[in-house]
Amino acid sequence: MIVGTQWGDEGKGKIVDIFTKYADMVVRYQGGANAGHTIVVDGVKTVLHLLPSGILHEGVKCLIGNGVVLDPEVCIEEVNLLKSKGLLKNDSNLVISLNAHVVMPYHKLIDKLREESAGKGKIGTTGRGIGPCYEDKITRTGIRVADMIDPARLKERLNEVLLQKNSYIEKVLGHEPVSLDEIFKKYSEFGSVLKKYAKDAVDILNDAIEAKKNILFEGAQGTALDVDHGTYPFVTSSTTIAGGACSGSGVGPTAIKHVMGIAKAYTTRVGSGPFPTEQDNEIGERLRKNGGEFGATTGRPRRCGWLDLALLKRSKVLNGLTLLAITKLDVLTGFEKIKVCTEYDAKGDPVYIELDGWQEDLSRVRSMDELPPNAKKYIEFMEKSLGVKVALVSVGPERGSDVIVQNPLWRKFGETQH
Ligand code: IMP
């Protein structure tokens, strides 16, 4: 399992892409089109918001679990994009859980209107309707993929829920009501396109486990955005920690062999909310520029700051991390001194230690021994402070610009080499 240990944007897409080579199946289990996974192959950038990034590998089955909120419009766009690139030749390689909830136009509208009226208290959501969709799931007024692909059922559900929705949209948010006929027309069409992918994902996933296939769970967002354990209320509306993968896809926790936490070598955050190590100054600007820190989904400039080990220690326990992957180490090249937050003081302010920086270009480094001594010390300091083994260090955006120390998918659980 691969999870973000910070506020999302840790570079999970790239790491998933690396390990997918050794996987038979990739599973997404929470979040929706609020995610943005950027993968660069042969200099060509592909950004996926909804489909597991494993879909870029031929022959890998990709599952969208019940815990995901599925925007069918984005899903169809991505399917078409992949097909235009000659990918996803075999439609059976994409499976969408019948139980996944569907993001409806009124979810996006409510998300947007609430943010606009929230003023200073706004969360800074991605505007993708994520919160309102999960809200309906919990209040049992949601529309699921199984409903969307059955026109009679879709109409019945829309009839049941739209009265309430429109009353809220008109009376509380002061906006025109949404039209049942328009939504029905659009969504029944989406349903007819996506029907071939909609299946009982639990059976498919557990059959693969039974058959000892290599399965990769791809987390979206990050630990500090978890609805329970994150910086509430400035969080996303799903369970982003490792435990969410079980309920969000339908596997028992005993099936999970490794949890790899992805940590950027520094910290970023998009949207509002606490960020103890934020550098709202030249340092932050330098990190943003060197790291290309602009949101993959919204294009917003990301807030940037130093590495926060106090946050990562919390992530370690919340996720039960067994391995760590450190991304974007190259972005720190050129800093004379690098600060790292090791704990918070009684007031909650970060306490820093200062490490020596390095000036050498890292882009061609492929082993730990090739790292400049201070870069190596930085990694070792992280590893020692957290007590989690570093499995991978990423030194550039391209496929291949990584140091791979340990590959948990290399062997099919003790069988022959993949
Ligand atoms: P929502 O998920 O759109 O409701 O947004 C809630 C919060 O989560 C906001 O601060 C977003 O910026 C943040 N967020 C949601 N998805 C991502 C992501 O993929 N990366 C980073 N931040 C995200």
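Residues numbered from 1 in each chain as written. Predicted model: local features only at pLDDT ≥ 70, side-chain atom pairs only at ≥ 80, totals over all residues. Heavy atoms only, no water.

1. Focus on the pattern of salt bridges
And step 1. Scanning the model with the defined rule gives 23 salt bridges in all.
And step 2. Measuring nitrogen to oxygen at the nearest pair gives 3.2 Å for the salt bridge that ties Asp9 to Arg302. With a gap of 293 residues between them, Asp9 in the loop between strand S1 (2-4) and helix H1 (12-20) and Arg302 in the loop between helix H10 (282-291) and strand S13 (303-305) connect regions that are remote in the sequence.
And step 3. The partner of Glu189 in a salt bridge is Lys185, and the shortest N-O contact between them spans 3.9 Å. Of this pair, Glu189 and Lys185 both sit in helix H7 (residues 180-194), 4 residues apart, roughly one helical turn.
And step 4. Owing to a relative accessible area of 45%, Glu189 belongs among the partly exposed residues under this scheme.
And step 5. Via salt bridges that share partners, Asp9, Lys264, Glu293, Arg302 and Lys328 belong to a single interconnected network. (Salt bridge = Lys/Arg side-chain N within 4 Å of Asp/Glu carboxyl O. Helix = DSSP H or I, 4+ residues; strand = E, 2+ residues; numbered from the N terminus. Buried < 20%, exposed > 50% of the residue type's maximum accessible area, 1.4 Å probe, protein only.)

2. Observations regarding the environment of Asp330
And step 1. Tracing the sequence through the fold places Asp330 in the loop between strand S15 (323-327) and strand S16 (337-344).
And step 2. The spatial distance from the C-alpha of Asp330 to the C-alpha of Ser363 is 7.0 Å, given a sequence separation of 33 residues.
And step 3. Excluding residues within four positions of it along the chain, Asp330 makes contact with Leu362, Ser394, Val395 and Gly396. (Contact = heavy atoms within 4.5 Å.)

3. Brief notes about the packing of helix H11 (residues 309-319) against helix H12 (residues 373-386)
And step 1. At a minimum axis distance of 10 Å, the contact between H11 and H12 shows a crossing angle of 50°. Between H11 and H12, the angle falls in the class oblique. Pair H11 / H12 crosses with right-handed handedness. When H11 is examined against H12, the residues Leu309, Leu312, Lys313 and Lys316 are found in contact with a partner set consisting of Phe381, Met382, Ser385 and Leu386.
And step 2. Classifying every residue of the contact of H11 with H12 by side-chain character gives 5 nonpolar, 1 polar and 2 charged. (Axes fitted to C-alpha atoms, helices over the stretch in contact; angles between N-to-C directions. Parallel < 35°, antiparallel > 145°, perpendicular 65-115°, else oblique. Left-handed = near helix turned anticlockwise from the far one by under 90°. Nonpolar A, V, L, I, M, F, W, Y, C, P; charged D, E, K, R; others polar.)

4. Regarding the packing of aromatic side chains
And step 1. Inspection of the entire model under this criterion finds 5 aromatic pairs.
And step 2. For the pair Trp306 and Phe335, a centre-to-centre distance of 5.5 Å together with 65° between the ring planes defines the contact as edge-to-face. You can see Trp306 sitting in the loop between S13 and strand S14 (307-308) and its partner Phe335 sitting in the loop between S15 and S16, a full 29 residues away along the chain.
And step 3. Its relative accessible area of 4% is what places Phe335 among the buried residues.
And step 4. Over the aromatic face of Phe335 sits the side chain of Arg286, whose NZ or CZ is 4.0 Å from the ring centroid.
And step 5. Geometry around Tyr352 places Lys339 over its ring, the cationic atom sitting 5.3 Å from the centre. (Phe/Tyr/Trp six-rings, centres within 6.5 Å; stacked < 30°, edge-to-face > 60°. Lys NZ or Arg CZ within 6 Å of the ring centre and 35° of its normal.)

5. Overview of the side chain of Thr141
And step 1. Within the secondary structure, Thr141 sits in the loop between helix H4 (130-139) and helix H5 (145-148).
And step 2. Within the structure, Thr141 has its side chain in polar contact with the side chain of Thr139 (distance 3.1 Å).
And step 3. Excluding anything up to four places from it in sequence, Thr141 contacts Asp136, Arg157 and Val161. (Polar contact = N/O pair within 3.5 Å; in protein donor to acceptor, adjacent residues only side chain to side chain.)

6. Focus on the side chain of His107
And step 1. Note on placement: His107 falls in helix H3 (residues 105-117).
And step 2. Residue His107 is classed as buried on the basis of its relative accessible area of 1%.
And step 3. Within the structure, His107 has its side chain in polar contact with the backbone nitrogen of Met104 (distance 2.9 Å).
And step 4. When sequence neighbours within four positions are dropped, the list of residues in contact with His107 reads Val102, Gly129, Pro132, Cys133 and Asp136.

7. A short note on the nonpolar core
And step 1. Membership of the largest hydrophobic core comes to 63 residues, with the highest contact counts inside it found for Ile15, Phe19, Leu70, Leu94, Tyr106, Leu158 and Met260.
And step 2. Viewed by domain, this core spans two of them, domain 1 (2-95 + 199-411) and domain 2 (101-197), each represented by three or more residues.
And step 3. The residues touching Leu94, leaving out its near neighbours within four places in the chain, are Leu51, Ile55, Cys62, Ile64, Val79, Leu88 and Tyr197. (Core = buried A, V, L, I, M, F, W, Y, C linked by side-chain atoms within 4.5 Å. Domains from an automatic or database assignment.)

8. Focus on the site of the ligand
And step 1. Among the 15 residues in the neighbourhood of the ligand, the closest are listed as Asp9, Asn34, Thr126, Thr236 and Arg300.
And step 2. Asp9 is positioned such that a nitrogen or oxygen atom in its side chain is 3.1 Å from a nitrogen atom of the ligand.
And step 3. Look at the ligand: alone it shows 470 Å² of surface, and the protein chains cover 96% of it.
And step 4. By residue class, the composition of the shell around the ligand is 6 nonpolar, 7 polar and 2 charged. (Near = heavy atom within 4 Å. Areas by Shrake-Rupley, 256 points an atom, 1.4 Å probe, with all protein chains shown as cover.)

9. Some details on the pairing of strand S3 (residues 37-41)
And step 1. Note: S3 against strand S4 (residues 44-48), 5 bridges, orientation antiparallel. Across the sheet, the residue bridging to Ile39 is Thr46, located in S4.
And step 2. A loop of 2 residues connects S3 with S4, the two strands running antiparallel in sequence, and Asp42 in this loop sits at a positive phi of about 50°. (Pairing = 2+ DSSP bridges.)

10. Description of the domain arrangement of the protein
Much of the literature gives interface size as the accessible area that the parts lose upon coming together.
And step 1. On domain assignment, one finds that the protein holds domain 1 (2-95 + 199-411) and domain 2 (101-197).
And step 2. Each of domain 1 and domain 2 was reduced to a C-alpha centroid, and the two centroids are 29 Å apart.
And step 3. Listed by partner, the interface residues are 35 residues for domain 1 and 25 residues for domain 2.
And step 4. With both chains or domains summed, domain 1 and domain 2 bury close to 2300 Å², and 59% of this area falls on carbon and sulfur atoms.
And step 5. We note a salt bridge from Glu73 to Lys186, for which the minimum N-O separation is 3.8 Å.
And step 6. Looking at the side of domain 1 that touches domain 2, the elements that each hand over two or more residues are strand S6 (69-70), helix H2 (72-84) and strand S7 (94-97).
And step 7. At 7 residues, H2 tops the list of elements feeding residues into the side of domain 1 that touches domain 2.
And step 8. Residues belonging to the side of domain 1 that touches domain 2 are distributed by class as follows: 15 nonpolar, 14 polar and 6 charged. (Buried area = accessible area lost by both parts, 1.4 Å probe.)

11. Some thoughts on empty space enclosed by the protein
And step 1. By the definition in use, this model includes 1 cavity of 30 Å³ or more.
And step 2. What the largest cavity holds in volume is close to 30 Å³.
And step 3. Around the largest cavity, the lining residues are Lys14, Asp17, Ile18, Ile39, Val40, Pro397 and Arg399.
And step 4. When contributions to the lining of the largest cavity are tallied by element, the ones reaching two or more residues are H1 and S3. (1 Å grid on protein atoms, 1.4 Å probe; cavity = no way out; pocket = protein on both sides within 12 Å on 5 of 7 lines; lining within 4 Å. Points joined across faces, edges and corners; volume = space filled by probe spheres on them.)

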